[in-house]
Amino acid sequence: MEVECKLSVLNPKTHTFLKTINTINSDSISYFIDEGNQVVFSDTFYDTPDLLLLSTGCYLRAREEEGKKTEWTLKSLDGAGGQKKNIDGIFKRTESKTTLQKGQTYKDIRLPDFKRKLMDIAGDFELVPVIMMEQERFFRNIYKTTDEKMTGPVLFEMSVDTVYFKISEQTHSFFELEIELKDGSEADLEDFVNRLKEENAVKNNISPNYLSKFERALILYFNRDQIEGRINPAFDEKADTVPDFRLDSESIFESAGAHFLRPSEKAALMQICEKDWTTDFFEFFGSRGLFEKELDGGREKAEIADIFQTKASILLALDSGLSPKFAALKYKKTPAEINAVDQEFLMMRLGVFPFVFQIPPNPKYSRQKFGPDQKTWTAKDLIFLYGAGPADDEFGKMRLENMKMLAGFFHKEEKENFGDEPHFESGRILKNAALLYGIGKGFAANNANLSKEIVWTHPLKGVSSDELKIIGLALEWVALKNPTPEKIKAALFDAGIFIPPALQRKALVCTAFLEIIGQLEKKNATISKIILEQKTALTELENGFEKENGFEKPEIRIYYTSDHPPRKIQNKKQGSFFEFVFEIPVQIIREKDNADPESEKCGNPGENQEKADFGKIHLNNTVASAAEKILFARLKEMVRTESGVIAGKDIEAVHDMRVALRKMNALMVVFENYLDPEFTANAKSGIQKTLRPLGKKRDLDVLLEKTDIYVKTQKTDPSRMKLFYEMVAADIEKSQRDVVNYLNSPAYKKFKKETRQTYAQRKFIGKTIIGKKGDVYPSRISDVLPVILYEKAAGMTAYREWMAGAWIPIDKLHRLRIAAKNFRYTLDFFKENLGESADLLLKEFKELQDLLGDFHDAVVAIESIRRYIRQTEDEKEYFKSTPGERTILRLELLKYKAYREEEIQILLPKFQEVWQKMDGKYFQTRISKMLEESFES
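Since the model is a prediction, treat every value here as computed from it, not as a measurement.

### Thoughts on the overall build of the protein chain
In terms of regular secondary structure, the protein chain is built from 30 helices and 16 strands. Relative to its 937 residues, the protein chain shows a buried fraction of 52%. Of all intrachain contacts in the protein chain linking residues separated by at least 6 positions in sequence, the fraction that spans at least 24 positions is 74%. Working note: accessible area of the protein chain is about 44,600 Å², and carbon and sulfur atoms make up 49% of it.

### Regarding the side chain of Arg428
Considering the arrangement of structural elements, one finds Arg428 in helix H14 (residues 425-436). Take Arg428: its relative accessible area is 19%, and that puts it in the buried class. Only 2.7 Å separates the side chain of Arg428 from the side chain of Glu467, close enough to count as a polar contact.

### Digging into unusual backbone geometry
Non-glycine residue Asn204 carries a positive phi angle of around 60°. In this structure, Asn204 sits in the loop between helix H4 (186-197) and strand E13 (206-208). Using a relative accessible area of 73% as the deciding quantity, one classes Asn204 as exposed. At Asn482, a residue that is not glycine, the phi angle is positive and equals roughly 50°. The topology assignment puts Asn482 in the loop between helix H16 (465-477) and helix H17 (485-495).

### Here we look at H4
With 12 residues, H4 extends 17 Å from end C-alpha to end C-alpha; this agrees with the ideal 16 Å at 1.5 Å per step. Every buried residue of H4 is listed here: Asp188, Leu189, Phe192, Val193 and Leu196. Burial along H4 is one-sided: seen end-on, the buried residues are contained in an arc of 130°.

### Considering the pattern of salt bridges
When their charged atoms lie close together, side chains carrying opposite charge are able to pair. Using the criterion set out here, one finds 55 salt bridges in the structure. One salt bridge in this structure joins Lys812 and Asp811, with 3.5 Å as the shortest N-O distance. Given a relative accessible area of 24%, Lys812 falls into the partly exposed group. With relative accessibility at 46%, the residue Asp811 sits in the partly exposed group. Two residues, Arg926 and Glu844, come together in a salt bridge whose shortest N-O distance is 3.2 Å. Of this pair, Arg926 sits in helix H30 (residues 920-936) while Glu844 sits in helix H28 (residues 836-872), and the two are 82 residues apart along the sequence. One salt-bridge network, held together by shared partners, links Lys6, Arg137, Asp161, Glu176, Glu178, Lys213 and Arg216.

What counts and what doesn't
- Residues numbered from 1 in each chain as written.
- Predicted model: local features only at pLDDT ≥ 70, side-chain atom pairs only at ≥ 80, totals over all residues.
- Heavy atoms only, no water.
- Helix = DSSP H or I, 4+ residues; strand = E, 2+ residues; numbered from the N terminus.
- Buried < 20%, exposed > 50% of the residue type's maximum accessible area, 1.4 Å probe, protein only.
- Contact = heavy atoms within 4.5 Å.
- Areas by Shrake-Rupley, 256 points an atom, 1.4 Å probe, with all protein chains shown as cover.
- Polar contact = N/O pair within 3.5 Å; in protein donor to acceptor, adjacent residues only side chain to side chain.
- Expected span 1.5 Å × (residues − 1).
- Arc of directions from axis to C-beta.
- Salt bridge = Lys/Arg side-chain N within 4 Å of Asp/Glu carboxyl O.

Remember that the coordinates give geometry; whether it matters functionally is a separate question.
Laid out in C-alpha cells, this is it:
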C-alpha cells in the first residue's frame, strides 16, 4: 500500500524553491530535508487500445533508468482502489512492483500476485504502449529534527518532478511534487504538508492533484485541439458548438472532473463503445450493436444499437466538443434527449450504466494457464453432458434457426455466419448461446442456474475466453425476471470474476436475443419474418403544442409460425430484457393459424418423436439423461403396442406392452437414488395403474395357453374341460374390456401426456448434482454404474439364507423373481457399455429368470384354478351348466391343480441347482470383469 501526497506545482520559481529548501520549522519540531540527487528516467504506460486497465481504475507502468533494470508497477487510481485521505491530496493506493531485464515485456512478469492481478483484468488482451514520457526527478529525503540534530529514520521521500511528453509533435510539460510516506506516520505527513504550504514561496503556488501523470497526459491528449489553439471544422460555430475551454493545460486540468469526462470515465465509455483511445470523435457516431468489433473491415453498421452503447457514444461525442444540436442530428435524437443523457450522467456519472467497472472483491475462480493440449468441448458435447434430455438436439436446431433470423435482422451478413465455424465473433457467441440455452437446468440445489459455471469451466472449441464470459453471463441473466441495473450489477459482483465493460454490454445484447428465443420455444415457434415499424416521434414545445421533429420511433414485430394450438405468447410491456437493452418495444405475433387444436405433436412419440433416435447410453451420460433415453425408448414401445392390445386378437401385444411398462418401472427402481422423487412417484403411479388391468389379462392369457399344453400332453378329454374354457373366455372378455376402458381413460392419457412433456419441455428428471455449498454428487453413469450393479446383485444374494431351509417362502421367491428381473433389466439397459461379458451373464441369467417365471406362473395358475373350483360349487355363477357338468369339471380341475403343484416340485430342484452357483463371488467376478471391459473400451 502506497501512501503519498500529490501536488501540482504552478510556477517554475516554486519548483526551484522545492529543490533548495533545507528545513521547515515550527514551535516544537523541525523537518530536515537532505540535499538530494537528480535522476532522469522514462515511463511507458501500457493498456489495451480501449484503455481497459484505466477503466477499472489502475495503470501499468514500465520505468527505465540508465544502468538499472526496468521497474514494472501496477498501481490503482483514486476512486478505484485508491483512497483519498483528505483535501490536501493524500492518498492510499495499492500497487504491485517487480523488475525485469531490459527488453523483457509484461508477459515475462512472474511475481505471482502481480501476474494474477494483471491477468484478472487484462485476460488475453494485448497491452500496447499508450503514453510515453520523460521525467527529471529530484529526490530528497525528509527527517524529523530537534535541537538542530537529525534523529530517526527517513519519514518521507520528496520528489520534485518535471514531466515532458509529446502530443502532435508539440512537447508539453508540467511540474509536480510527490511526498511519499516511508517510516513516518500519516499524521506526520499531514503536518509536514500543511507546514510546507505556509512557506511564502509555496503559498498559492501548489494545489492538490488528484490525477496521476498518466491521467494528466491523457487529458492533454484528448483536449489537444483546444490546448494547441485549433478549432475542429466539424463544430457548428453558429450553433454555439465550441465549448468555452481556456487553452492552457492547467485550465484543462482544473476542468477535469467537472463537466469534462474524467480519464477513467472516458476509458470506461470507450470500453462500452469498443473504441481505441486514439479514435477521432467522429467515429463515436453510430454503432454496430453486438457486431461492433469485427476486424476484417468492410462490414456495415447495424441499424439498431443497444441503448448503453448509444449513451456512451453520445457522451464521448459531447466530451469532444459536439453541441447537443449537432449530436441530436447525428444520433437521430431530439436535442432534449441528448441533454437528458448529459444531465443524467452529470448526476450519476458511470452509475447510469448497469455495468461494474472494478474487480469483484471476492474472486470465485482461479485462472489457470490454457495450453495447446487443454481439453475443449463443443456445444453438442455440453448438451450431451448437461442437457435436460434427448430433446435438446431438436430444440437446438429450432433455436439456432430463430437466432439466425434475429441476428440477420440486425445485420444482414449475420445470416451467413451460423455455419459450423462462424467467422465473426458475434456468430460464435450467438450460435453457442442459442444451443446451450437452458443447459444444466435442474442440476443444482434450489434449482440454481448452473449454465454460467458449466460454460466457464468447459472451454468451447474455437471460442475465446472473452466470448465464453459473454455466453456464460447471457445464459445466467436470461433467467432474471424484470431486469434492472441493480440486479445486473449484483449478478456481476456475484460472478466472482472480472468481466470488462465491453463484454458486459455484449452479454446484455445476447441476453435480449435469448429472451426472444425462449419465448418462441415455449410453443415450438419458428420466426417467419421480422419487421421494423417506424412511428413519427413528437416533441413538446414551450407553448404546449407538439410538432414532428423528423425522427421516427421504431417498434419491432416478430412474426412466427407454429404447428401448436394457438396460444398467446406474452409480449412483456415491463420487465423485458429486449426493451431494457434496446428501448424498443417488441411484438411477437403468430403469422397464421395452421395448427390442429387436437394435435399433440410436441413431445408425442406417436408423431414426430416416434421417429426420433434417442441414441445409445454413454458412460458420460448423467443418470437422468440415460434414464430419459431408456424411458422414452420404452414409451415408444408401449405406444406401438396400443392398437394390438385394444384389438385383443394378439396376446403378444399385451405381453409386449407389459414388458415395456415393467422396464419403465424397473428404471424407476434401479435409478431411484438418482432421480427426482416427485417425478419418480408420479411415473411409478402411472406405470402401476396401467400394469394392473394388463396383468389380469396377461395372467388369463397365460393360463389358457398353459391349459392347452396340459390338455394335449396329459391326453385329457377336451369336452370335460369345455366349461372351464368358457369360464376363462368370459373372464378374458371382461378383462379385455377393462384394458380397453383404461387405455381410453383420462388417467392413461394423463400418464402419457405427462411423460411426453418431460421430453417436450426438456425437464431434468434427476436429483440435483450440485449441493448448496458446491458439493458435486455422483451423477454420471461411469461413476454410479458400479454401485448400481453391485447393489442390484446384492439385492438378490440377500435372499440366499431364505432359500436354504426345509420350506421356501413363496412370497420370497416372488420378490426374488422381481429382484432378478431388475438386475437383468439393468444389464439390458447398459449391455452396449458392458462388453461381451454382459452378454454372457445375460444368457446365464436367463435360465434362472425362466425358472422363477415358470414358478410364478404355476403359483398364479394354482390360485386361479382354486377360484374356478369354488365357482363350480355356486349354481348362480353358471346357471346354464348342469350339476353333472360342474361335477366333472371340478374333478378335472383338481387333477389340473395337482399337475401344476407337481410342476412346482419339479421346478424347485432345478432352481436350487442354478441358484447355488450364484453366490456373492459369482456376481463379484462377473461384474468386475464387465466393468473392466467397459472402462477399457
